[in-house]
Amino acid sequence: MTVFAEVIGDPIAQSKSPLMHGFWLERLGLDADYRRSHVQAAELADFFASRRGDPAWRGCNVTLPHKQSVMPLLDRIDPLATAIGAVNTVVQRDGLLIGHNTDAPGFLEPLRPRLAERHLLRTARILGTGGAARAIAHAVWDEGFTLIIAGRDLAKAQEIAGAFNPADTHICTLDTFAAPIDFDWGDAGDRLDLVVNATSLGMIGQPPLALDFSNIPPGAIVYDAVYAPLETALLAEARMRRHPTVDGLSMLIGQGRLAFEHFFGVAAPSDPDSDALLRARLTA
């Protein structure tokens, strides 16, 4: 019996998860498969009912628009996924369907070396108010960051901020970061600043994110969750201005590693050669 996992969504053809998990399965020589399945909202209950009885099924990743609507169909939900209010990974264990959110820890994976350092102040500027922004906010809050959440809709920004201590959480409109400011940031000092594009702006077919770099402290890490294209206008300008950068594939791969271990019980390859080959496959 060949065990399998899959990714579900509507639409689903664009998902890179089968390429990623398929690469890891090949690299490890595992007798397993990873697929994509187009599942519409009205089909979710029947989908899980049929998969629950399949002994070969190890679980599924969940992409848009189902990350919240799957939750009532599950038997248990991990506390982090409950706090975020979204599930992106469902695992079958002893006939039970268990929901996880690997977006939050996956986002942190490329930041681990910097997070291991000590800082007097950590500030994250999160641009966006969707599911990714919510997961990222929870991830960095647990790492001691003060949050600045910017969105087109202040009510949505406030909804995310409401989960945290109001003394260390601030909201503003997204266009706040588009306007130049005259401010002397001084030296970076013992400070860790993070700027995250958690919107779809900059994605293929979308306008670029409007951000004036006078709003960004020196040395801030600029992290773009968009991975199509991999080199967004935001990242290109950040590199030109000598900011450390993290691209969207890093988050995709980071969350995928955690899901892979949930599904198949072994860690995904993470050596430099494997990472380079995987990136080449995902960007081909």
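Notes on the structure follow. These figures come from a predicted structure and were not determined experimentally.

A word on unusual backbone geometry. Residue Pro11 is reached from Asp10 by a cis peptide bond, and omega for that bond is 5°. When you line up the elements, Pro11 lands in the loop between strand E1 (3–9) and helix H1 (17–28). Even without a glycine there, the phi angle at Asp94 is positive, about 55°. Mapped onto the fold, Asp94 is located in the loop between strand E5 (89–93) and strand E6 (96–100). Even without glycine at this site, Arg242 takes up a positive phi of about 70°. Residue placement: Arg242 occurs in the loop between helix H8 (233–240) and strand E12 (245–246).

Turning our attention to helix H2 (residues 44–52). The complete set of buried residues in H2 reads Leu44, Phe47, Phe48 and Arg51. With its buried residues spanning 90° around the axis, H2 presents them on a single face. Of the residues in H2, the exposed ones pointing more than 90 degrees away from the buried face are Asp46 and Ala49. On the buried face of H2, the contacting elements are E1, strand E2 (32–38), strand E3 (57–62), E5 and E6.

Core analysis: the largest hydrophobic core is formed by 30 residues, its most contacted members being Phe107, Leu111, Ile126, Val140, Leu147 and Leu194. Sorting the residues of this core by element identifies helix H4 (103–108), strand E7 (121–127), helix H6 (131–141), strand E8 (146–151), helix H7 (154–161), strand E10 (191–197) and strand E11 (221–224) as the ones contributing at least two each. The greatest single-element share of this core, amounting to 6 residues, is contributed by H6. Those residues within four positions of Leu147 in sequence are excluded, and the remaining contacts are Ala124, Ile126, Ala137, Val140, Trp141, Phe164, Asp168, Thr169 and His170. Counting 21 residues, the second-largest nonpolar core is a separate cluster that includes Ala5, Ile12, Leu249 and Leu278.

Let's shift gears to the environment of Ala155. On the secondary structure map, Ala155 appears in helix H7. Residues Ala155 and Thr173 lie 18 residues apart in sequence; the distance between their C-alpha atoms is 10.0 Å.

Here E6 lies mainly inside the structure; 4 of its 5 residues are buried. Sheet analysis places strand E4 (residues 76–77) next to E6, joined by 2 bridges and oriented parallel. Looking at E6, one finds that Ile77 is bridged to Gly99. Strand direction decides the pairing type here: E5 and E6, joined by 5 bridges, are antiparallel. Within the sheet, the bridge partner assigned to Val91 lies in E6 and is Ile98. The turn joining E5 and E6, which pair antiparallel and follow one another in sequence, is formed by 2 residues; a positive phi near 55° is taken by Asp94.

Cut-off values and rules
Residues numbered from 1 in each chain as written. Predicted model: local features only at pLDDT ≥ 70, side-chain atom pairs only at ≥ 80, totals over all residues. Heavy atoms only, no water. Helix = DSSP H or I, 4+ residues; strand = E, 2+ residues; numbered from the N terminus. Buried < 20%, exposed > 50% of the residue type's maximum accessible area, 1.4 Å probe, protein only. Arc of directions from axis to C-beta. Contact = heavy atoms within 4.5 Å. Core = buried A, V, L, I, M, F, W, Y, C linked by side-chain atoms within 4.5 Å. Pairing = 2+ DSSP bridges.

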